[in-house]
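Residues per chain, in single letters:
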Amino acid sequence: MSELLSQYDVLGAFLVNIQLTLASAICALVLGTVLAVLRISPSPALRFAGTTYVTLVRNTPLTLIIFGCWMVLWGQLGVNVSDDLARNNFWMAVIGLSLYTSAFVCESLRSGFNTIPVGQSEAARSIGLNFAQSVQLVILPQAFRGAIAPLGNTLIALTKNTTVAAAASVLQASTVMQQMIEFSPDQGLAIFLVIALGFVVIVFPMGLLFTFLSRRLAVSR
């Protein structure tokens, strides 16, 4: 097993998974916040747009979304984020992961909105704040605090979902595992345990961190 590990850059593959997680998490958080605001907008058209996006994306397999970004954006439309093929595939996967995860970020924030008493919004309107100001100054800060736990679960799910980046030909942990098993099937169980342990090492601290933050920053009622 040690000889096999020396032949494959397992740590480098996990680093790609971490990079995918960080890049996709930032993009998904921004897009998911916008979608969450659309879902509570006073405009029926904006609420419909946000709801439609979330419904369609949540019910579409992630593999299809990433493969679609790779085949349509790059293959058909010729979108090149980078001249390097490997980096371009990486960013196609990030786009797909971000589009998919943003729908779950939106729903996590909506759960945070539900923790805010209606009187908060009424008080904001009573002092002359418009919708945008109320969202920025009153609603979102409290919603993020109330949504720390579900946002943590979404980030953990995103970390595990980075293995689907193989659909965009991104070399990461699951791809390396497949190659290792293909050439050393007799060590399949050991290879599986090594890759599984790698994800545990990445994901377990996330769970502890978000549990701590959810307790530390919980909104008192």
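Worth saying up front: this structure is predicted, and the values here are computed from it rather than measured.

A. Quick look at the packing of helix α2 (residues 10–39) against helix α9 (residues 173–183). The geometry of α2 relative to α9 is characterised by a closest axis approach of 8 Å and an angle of 145 degrees between their N-to-C directions. On α9, the residues touching Val10, Ala13, Phe14 and Asn17 of α2 are Ala173, Val176 and Met180. A per-class count over the contact of α2 with α9 returns six nonpolar, one polar and no charged.

B. Inspection of the packing of helix α8 (residues 148–161) against helix α10 (residues 188–216) at higher detail. The N-to-C vectors of α8 and α10 enclose an angle of 170 degrees; their axes lie 9 Å apart at closest approach. What the angle tells us is that α8 and α10 run roughly antiparallel. Facing Ile148, Ala149, Gly152, Leu155, Ile156, Thr159 and Lys160 of α8, the residues of α10 in contact are Phe199, Ile202, Val203, Met206, Gly207, Phe210, Leu213 and Ser214. Looking at the contact of α8 with α10 residue by residue, the classes come out as 10 nonpolar, four polar and one charged.

C. Spotlight on helix α4 (residues 62–76). Here α4 contains 15 residues, and its C-alpha end-to-end distance of 20 Å stays within 8% of the 21 Å for a straight helix at 1.5 Å per residue. The complete set of buried residues in α4 reads Leu62, Ile65, Ile66, Cys69 and Trp70. In this structure, the buried residues of α4 make contact with α3 (44–58), α5 (85–113) and α8.

D. Structural context of the packing of aromatic side chains. Overall, the coordinates contain four aromatic pairs when judged by the stated rule. Their ring planes at 50 degrees and their centres at 5.9 Å tell us that Phe67 and Trp70 sit as a pair that is tilted. Linking Phe67 with Trp70, this pair stays in helix α4, spanning three residues, or about one helical turn. You can call Phe67 partly exposed: its relative accessible area is 39%. Ring plane angle 50 degrees and centroid distance 5.1 Å describe the contact between Tyr100 and Phe104, whose orientation is recorded as tilted. One end of the pair is Tyr100 and the other is Phe104, both in helix α5 and four residues apart, which spans about a single turn.

E. α5, seen in detail. With 29 residues, α5 extends 41 Å between its outermost C-alpha atoms, agreeing within 8% with the 42 Å of an ideal straight helix rising 1.5 Å per residue. Maximal helix bending in α5 amounts to about 25 degrees, located at Thr101.

F. The environment of Gln120, seen in detail. For Gln120, the position within the fold is in helix α6 (residues 118–126). Taking the C-alpha atoms as reference points, Gln120 and Phe14, 106 residues apart in sequence, are found 44 Å from one another. Aside from chain neighbours lying at most four places away, what touches Gln120 is Val138 and Gln142.

Reading guide: rules and limits
Residues numbered from 1 in each chain as written. Predicted model: local features only at pLDDT ≥ 70, side-chain atom pairs only at ≥ 80, totals over all residues. Heavy atoms only, no water. Axes fitted to C-alpha atoms, helices over the stretch in contact; angles between N-to-C directions. Helix = DSSP H or I, 4+ residues; strand = E, 2+ residues; numbered from the N terminus. Contact = heavy atoms within 4.5 Å. Nonpolar A, V, L, I, M, F, W, Y, C, P; charged D, E, K, R; others polar. Parallel < 35°, antiparallel > 145°, perpendicular 65-115°, else oblique. Expected span 1.5 Å × (residues − 1). Buried < 20%, exposed > 50% of the residue type's maximum accessible area, 1.4 Å probe, protein only. Phe/Tyr/Trp six-rings, centres within 6.5 Å; stacked < 30°, edge-to-face > 60°. Bend = angle between axes of the 7 residues up to and from the residue.

By themselves, these are just geometric observations and shouldn't be taken as functional.
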